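Observations on the model geometry
One letter stands for each residue in the lines below.
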Amino acid sequence: MNRWSPMGKLGAMAGDTTTTVIDMTPGAVPGSMVNGPEDLIDWDAIDWRAEEKRVRRLRQRIFKAVQAGDWKQARNLQRLMLRSRANTLVSVRQVSQRNAGRRTPGVDGQVALTSPGRAGLAMYLHRCGQPRTVLPVRRVHIPKKGGKLRPLGIPSIADRAQQNRVRNALEPEWEARLDAHQYGFRPGRGCHDAIQVIHSITSGRNAKRGWVLDADLEPRPAREPLRAG
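Conventions adopted
- Residues numbered from 1 in each chain as written.
- Predicted model: local features only at pLDDT ≥ 70, side-chain atom pairs only at ≥ 80, totals over all residues.
- Heavy atoms only, no water.
- Patch = residues over 30% accessible without salt bridge, like charges linked within 9 Å, V, L, I, M, F, W, Y side chains within 5 Å.
- Areas by Shrake-Rupley, 256 points an atom, 1.4 Å probe, with all protein chains shown as cover.
- Salt bridge = Lys/Arg side-chain N within 4 Å of Asp/Glu carboxyl O.
- Lys, Arg positive; Asp, Glu negative; His and termini not counted.
- Charge placed at Lys NZ, Arg CZ, Asp CG, Glu CD.
- Helix = DSSP H or I, 4+ residues; strand = E, 2+ residues; numbered from the N terminus.
- Buried < 20%, exposed > 50% of the residue type's maximum accessible area, 1.4 Å probe, protein only.
- pLDDT = per-residue confidence, 0-100.
- Contact = heavy atoms within 4.5 Å.
- Core = buried A, V, L, I, M, F, W, Y, C linked by side-chain atoms within 4.5 Å.
- Axes fitted to C-alpha atoms, helices over the stretch in contact; angles between N-to-C directions.
- Parallel < 35°, antiparallel > 145°, perpendicular 65-115°, else oblique.
- Left-handed = near helix turned anticlockwise from the far one by under 90°.
- Expected span 1.5 Å × (residues − 1).
- Arc of directions from axis to C-beta.

1. Side note on a positive patch on the surface
A cluster of basic side chains, namely Lys53, Arg56, Arg57 and Arg61, defines a positive patch on the protein surface. For Lys53, the position within the fold is in helix α1 (residues 48-67).

2. Some words on the pattern of salt bridges
Within the structure shown, the criterion is met by nine salt bridges. Here Glu52 makes a salt bridge to Arg93, at a shortest N to O gap of 3.0 Å. Within this pair, whereas Glu52 is found in helix α1, its partner Arg93 is found in helix α3 (residues 85-98), the two being separated by 41 residues in sequence. Residue Glu52 is classed as partly exposed on the basis of its relative accessible area, which comes to 23%.

3. Some details on the confidence of the model for the protein
For the protein, the mean per-residue pLDDT works out to 81, and 76% of the residues sit at or above 70. Of all the helices and strands in the protein, strand β2 (residues 22-23) carries the lowest mean pLDDT, 40, while α1 carries the highest, 98. This stretch, residues 1-34, has a pLDDT under 50; its non-local contacts, to residues over four places away or in other chains, come to 72 contacts.

4. What to know about the environment of Thr88
When you line up the elements, Thr88 lands in helix α3. In this structure Thr88 comes out as buried when scored by relative accessible area, which is 1%. The spatial distance from the C-alpha of Thr88 to the C-alpha of Ala122 is 6.0 Å, given a sequence separation of 34 residues. Excluding residues that lie within four positions of it along the chain, Thr88 makes contacts with Ala122, Leu125, His126 and Arg165.

5. Side note on the nonpolar core
Counting 15 residues, the largest nonpolar core has Trp43, Leu89, Val92, Leu121 and Leu125 as the members making the most contacts within it. Breaking this core down by element, the ones donating at least two residues are α3, α4 (115-127) and α5 (157-177). With five residues, α4 is the largest single contributor of residues to this core. In this structure, Ala65, Val66, Ala74 and Ala169 belong to the second largest nonpolar core, which totals 11 residues.

6. Focus: a nonpolar patch on the surface
A cluster of nonpolar side chains, Leu82, Val166, Leu170, Trp174 and Leu178, forms an exposed patch at the surface whose accessible area comes to about 390 Å². It is α5 that provides the largest number of residues to the nonpolar patch, a total of three residues. Secondary-structure assignment places Val166 in helix α5. Judged by relative accessible area, which is 31%, Val166 ranks as partly exposed.

7. Quick word on the packing of helix α2 (residues 71-82) against α5
One way to put it is that α2 packs onto α5 with a least axis distance of 7 Å and a crossing angle of 155 degrees. Relative to α5, α2 is oriented roughly antiparallel. For α2 against α5, the interelement crossing comes out right-handed. Across the interface between the two elements, Trp71, Arg75, Gln78, Met81 and Leu82 from α2 touch Arg165, Val166, Asn168, Ala169, Leu170, Glu173 and Arg177 from α5.

8. Quick look at the environment of Arg139
Looking at where Arg139 falls in the secondary structure, it is placed in strand β3 (residues 138-143). Arg139 sits 14 residues away from Gly153 along the chain, and the two C-alpha atoms are 4.7 Å apart. Not counting residues within four places of it along the chain, the set of residues in contact with Arg139 comprises Pro151, Leu152 and Gly153.

9. A few points about α2
Taking 1.5 Å per residue as the helical rise, α2 with its 12 residues ought to reach 16 Å, and the 16 Å between its terminal C-alpha atoms agrees with that figure. Restricting attention to buried positions, one finds in α2 the residues Ala74, Leu77, Gln78 and Met81. Relative to the axis of α2, the buried residues are bounded by an arc of 105 degrees and lie together on one face. With respect to the buried face of α2, the exposed residues turned more than 90 degrees away are Lys72 and Arg79. Residues of α2 that are buried make contact with α1, α3 and α5.

What follows is the structure in C-alpha coordinates.
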(Lines give C-alpha, C1' and ligand atoms only; values in the text may rest on other atoms or scores of the structure.)
Protein backbone atom coordinates (compact mmCIF):
# COMPACT_ATOMS: atom_id res chain seq x y z
CA MET A 1 0.00 0.00 0.00
CA ASN A 2 1.47 3.34 -1.07
CA ARG A 3 0.65 6.40 0.98
CA TRP A 4 1.59 10.05 0.73
CA SER A 5 2.67 11.30 4.14
CA PRO A 6 5.28 14.09 3.91
CA MET A 7 7.35 14.42 7.05
CA GLY A 8 8.10 18.13 7.12
CA LYS A 9 6.23 20.81 9.08
CA LEU A 10 7.11 24.37 10.03
CA GLY A 11 8.19 25.07 13.55
CA ALA A 12 5.23 27.41 13.92
CA MET A 13 2.97 24.40 13.56
CA ALA A 14 4.87 22.07 15.85
CA GLY A 15 1.90 21.88 18.18
CA ASP A 16 -0.15 20.17 15.50
CA THR A 17 0.75 16.47 15.44
CA THR A 18 -1.89 15.53 12.85
CA THR A 19 -0.52 13.82 9.76
CA THR A 20 -2.44 13.86 6.50
CA VAL A 21 -2.35 10.39 4.94
CA ILE A 22 -3.66 9.82 1.42
CA ASP A 23 -4.44 6.27 0.37
CA MET A 24 -2.67 5.51 -2.90
CA THR A 25 -3.74 1.89 -3.38
CA PRO A 26 -5.07 0.96 -6.84
CA GLY A 27 -8.71 1.89 -7.07
CA ALA A 28 -8.58 4.15 -4.02
CA VAL A 29 -8.49 7.26 -6.21
CA PRO A 30 -11.29 7.61 -8.79
CA GLY A 31 -10.35 8.16 -12.39
CA SER A 32 -6.83 6.79 -12.04
CA MET A 33 -6.35 6.30 -15.78
CA VAL A 34 -4.16 9.20 -16.85
CA ASN A 35 -1.39 9.92 -19.34
CA GLY A 36 1.82 8.26 -18.19
CA PRO A 37 3.06 5.14 -16.40
CA GLU A 38 1.51 4.07 -13.10
CA ASP A 39 4.77 3.84 -11.14
CA LEU A 40 6.64 7.05 -10.39
CA ILE A 41 10.39 6.83 -10.91
CA ASP A 42 12.98 8.09 -8.47
CA TRP A 43 12.38 11.83 -8.00
CA ASP A 44 16.11 12.59 -8.08
CA ALA A 45 16.53 10.67 -11.34
CA ILE A 46 13.90 12.59 -13.33
CA ASP A 47 15.17 14.34 -16.47
CA TRP A 48 13.71 17.76 -15.70
CA ARG A 49 14.87 19.34 -18.93
CA ALA A 50 12.91 16.76 -20.92
CA GLU A 51 9.80 17.07 -18.73
CA GLU A 52 9.79 20.88 -18.94
CA LYS A 53 10.25 20.65 -22.72
CA ARG A 54 7.15 18.46 -22.99
CA VAL A 55 5.09 20.96 -21.00
CA ARG A 56 6.45 23.90 -22.98
CA ARG A 57 5.65 22.27 -26.34
CA LEU A 58 2.12 21.44 -25.23
CA ARG A 59 1.60 25.02 -24.06
CA GLN A 60 2.77 26.25 -27.47
CA ARG A 61 0.33 23.92 -29.23
CA ILE A 62 -2.55 25.28 -27.12
CA PHE A 63 -1.47 28.85 -27.90
CA LYS A 64 -1.31 28.22 -31.66
CA ALA A 65 -4.66 26.41 -31.71
CA VAL A 66 -6.37 29.38 -30.00
CA GLN A 67 -4.68 31.83 -32.35
CA ALA A 68 -5.97 29.81 -35.31
CA GLY A 69 -9.48 29.72 -33.85
CA ASP A 70 -9.45 25.92 -33.66
CA TRP A 71 -11.33 25.66 -30.36
CA LYS A 72 -11.96 21.92 -30.61
CA GLN A 73 -8.24 21.28 -30.92
CA ALA A 74 -7.48 23.76 -28.14
CA ARG A 75 -9.90 22.06 -25.73
CA ASN A 76 -8.48 18.63 -26.57
CA LEU A 77 -4.96 19.86 -25.92
CA GLN A 78 -6.02 21.43 -22.63
CA ARG A 79 -7.49 18.11 -21.52
CA LEU A 80 -4.25 16.45 -22.56
CA MET A 81 -2.32 18.95 -20.44
CA LEU A 82 -4.45 18.17 -17.40
CA ARG A 83 -3.72 14.47 -17.87
CA SER A 84 -0.03 14.96 -18.66
CA ARG A 85 2.45 13.26 -16.36
CA ALA A 86 5.09 15.85 -17.28
CA ASN A 87 2.74 18.66 -16.24
CA THR A 88 2.16 16.99 -12.88
CA LEU A 89 5.88 16.52 -12.22
CA VAL A 90 6.79 20.07 -13.24
CA SER A 91 3.94 21.54 -11.19
CA VAL A 92 4.89 19.67 -8.03
CA ARG A 93 8.52 20.68 -8.50
CA GLN A 94 7.49 24.32 -8.94
CA VAL A 95 5.51 24.58 -5.71
CA SER A 96 7.67 22.29 -3.55
CA GLN A 97 11.20 23.20 -4.69
CA ARG A 98 11.26 26.50 -6.53
CA ASN A 99 8.61 28.75 -5.01
CA ALA A 100 9.57 30.97 -2.09
CA GLY A 101 6.59 29.69 -0.08
CA ARG A 102 7.49 26.00 -0.40
CA ARG A 103 8.05 25.75 3.37
CA THR A 104 4.71 27.36 4.21
CA PRO A 105 1.93 24.83 4.95
CA GLY A 106 -1.81 25.21 4.46
CA VAL A 107 -4.54 24.26 6.89
CA ASP A 108 -3.41 20.61 6.84
CA GLY A 109 0.04 21.56 8.09
CA GLN A 110 1.73 19.60 5.30
CA VAL A 111 4.73 20.47 3.13
CA ALA A 112 6.72 18.39 0.64
CA LEU A 113 10.39 19.08 1.32
CA THR A 114 11.84 15.63 0.63
CA SER A 115 12.19 13.66 -2.58
CA PRO A 116 9.86 10.84 -1.40
CA GLY A 117 7.28 13.39 -0.29
CA ARG A 118 7.37 15.19 -3.63
CA ALA A 119 7.21 11.91 -5.55
CA GLY A 120 4.22 10.77 -3.50
CA LEU A 121 2.42 14.08 -4.02
CA ALA A 122 3.02 13.89 -7.77
CA MET A 123 1.71 10.32 -7.89
CA TYR A 124 -1.41 11.27 -5.96
CA LEU A 125 -2.21 14.25 -8.20
CA HIS A 126 -1.43 12.34 -11.39
CA ARG A 127 -3.69 9.42 -10.51
CA CYS A 128 -6.49 11.67 -9.26
CA GLY A 129 -8.02 12.29 -12.68
CA GLN A 130 -11.41 13.47 -11.41
CA PRO A 131 -12.18 16.71 -9.51
CA ARG A 132 -11.45 16.36 -5.81
CA THR A 133 -12.37 18.17 -2.62
CA VAL A 134 -10.31 21.33 -2.10
CA LEU A 135 -9.21 22.27 1.39
CA PRO A 136 -9.92 25.75 2.81
CA VAL A 137 -7.08 28.25 2.69
CA ARG A 138 -5.13 29.18 5.81
CA ARG A 139 -5.73 32.85 6.54
CA VAL A 140 -2.77 34.98 7.59
CA HIS A 141 -2.26 38.76 7.68
CA ILE A 142 0.77 40.55 6.24
CA PRO A 143 1.76 44.03 7.51
CA LYS A 144 1.42 46.91 5.04
CA LYS A 145 2.67 50.48 5.10
CA GLY A 146 0.75 52.64 7.52
CA GLY A 147 0.23 49.84 10.03
CA LYS A 148 -2.54 48.11 8.08
CA LEU A 149 -2.74 44.38 7.48
CA ARG A 150 -3.37 42.62 4.19
CA PRO A 151 -5.19 39.29 4.41
CA LEU A 152 -3.59 36.41 2.56
CA GLY A 153 -5.00 32.93 1.93
CA ILE A 154 -2.50 30.04 1.77
CA PRO A 155 -3.77 26.87 0.05
CA SER A 156 -2.48 23.43 0.95
CA ILE A 157 0.59 22.17 -0.91
CA ALA A 158 -1.54 19.71 -2.91
CA ASP A 159 -3.97 22.46 -3.95
CA ARG A 160 -1.08 24.73 -4.97
CA ALA A 161 0.31 22.00 -7.20
CA GLN A 162 -3.14 21.41 -8.69
CA GLN A 163 -3.50 25.14 -9.38
CA ASN A 164 -0.22 25.09 -11.27
CA ARG A 165 -1.39 22.13 -13.35
CA VAL A 166 -4.56 24.00 -14.32
CA ARG A 167 -2.60 27.20 -14.98
CA ASN A 168 -0.49 25.41 -17.59
CA ALA A 169 -3.70 24.43 -19.39
CA LEU A 170 -5.45 27.82 -19.23
CA GLU A 171 -2.63 30.35 -19.42
CA PRO A 172 -1.66 29.69 -23.07
CA GLU A 173 -5.28 30.21 -24.16
CA TRP A 174 -5.56 33.58 -22.46
CA GLU A 175 -2.11 34.70 -23.58
CA ALA A 176 -3.41 34.28 -27.13
CA ARG A 177 -6.62 36.19 -26.36
CA LEU A 178 -5.52 39.09 -24.15
CA ASP A 179 -4.59 42.53 -25.45
CA ALA A 180 -0.94 43.18 -26.21
CA HIS A 181 -0.88 46.12 -23.78
CA GLN A 182 -2.04 44.22 -20.71
CA TYR A 183 0.82 43.57 -18.32
CA GLY A 184 -0.65 42.47 -14.98
CA PHE A 185 -0.02 38.89 -13.83
CA ARG A 186 1.22 37.67 -17.21
CA PRO A 187 4.32 35.53 -17.84
CA GLY A 188 7.35 37.45 -19.06
CA ARG A 189 5.74 40.81 -18.33
CA GLY A 190 5.91 43.23 -15.46
CA CYS A 191 5.51 46.82 -14.33
CA HIS A 192 8.75 47.85 -16.05
CA ASP A 193 7.30 46.86 -19.43
CA ALA A 194 4.24 49.01 -18.76
CA ILE A 195 6.45 51.94 -17.67
CA GLN A 196 8.50 51.64 -20.85
CA VAL A 197 5.39 51.72 -23.06
CA ILE A 198 3.96 54.71 -21.17
CA HIS A 199 7.26 56.56 -21.56
CA SER A 200 7.45 55.89 -25.29
CA ILE A 201 3.87 57.11 -25.76
CA THR A 202 4.11 60.28 -23.67
CA SER A 203 7.67 61.40 -24.44
CA GLY A 204 7.22 61.87 -28.18
CA ARG A 205 7.30 65.33 -29.72
CA ASN A 206 3.72 65.01 -30.96
CA ALA A 207 2.36 63.11 -27.97
CA LYS A 208 -1.32 63.86 -27.37
CA ARG A 209 -1.89 61.89 -24.19
CA GLY A 210 -1.05 64.27 -21.36
CA TRP A 211 -2.35 62.37 -18.36
CA VAL A 212 -2.14 58.97 -16.67
CA LEU A 213 -4.89 57.44 -14.52
CA ASP A 214 -3.82 55.45 -11.47
CA ALA A 215 -6.67 53.80 -9.58
CA ASP A 216 -7.14 51.10 -6.96
CA LEU A 217 -10.33 49.07 -6.90
CA GLU A 218 -11.92 48.67 -3.48
CA PRO A 219 -14.91 46.57 -2.40
CA ARG A 220 -18.16 48.42 -2.77
CA PRO A 221 -20.00 48.83 0.55
CA ALA A 222 -23.17 46.83 0.91
CA ARG A 223 -26.31 48.74 0.07
CA GLU A 224 -29.78 48.27 1.45
CA PRO A 225 -32.21 46.65 -1.00
CA LEU A 226 -34.54 49.02 -2.79
CA ARG A 227 -38.05 49.17 -1.44
CA ALA A 228 -41.11 49.73 -3.55
CA GLY A 229 -43.23 52.74 -3.00
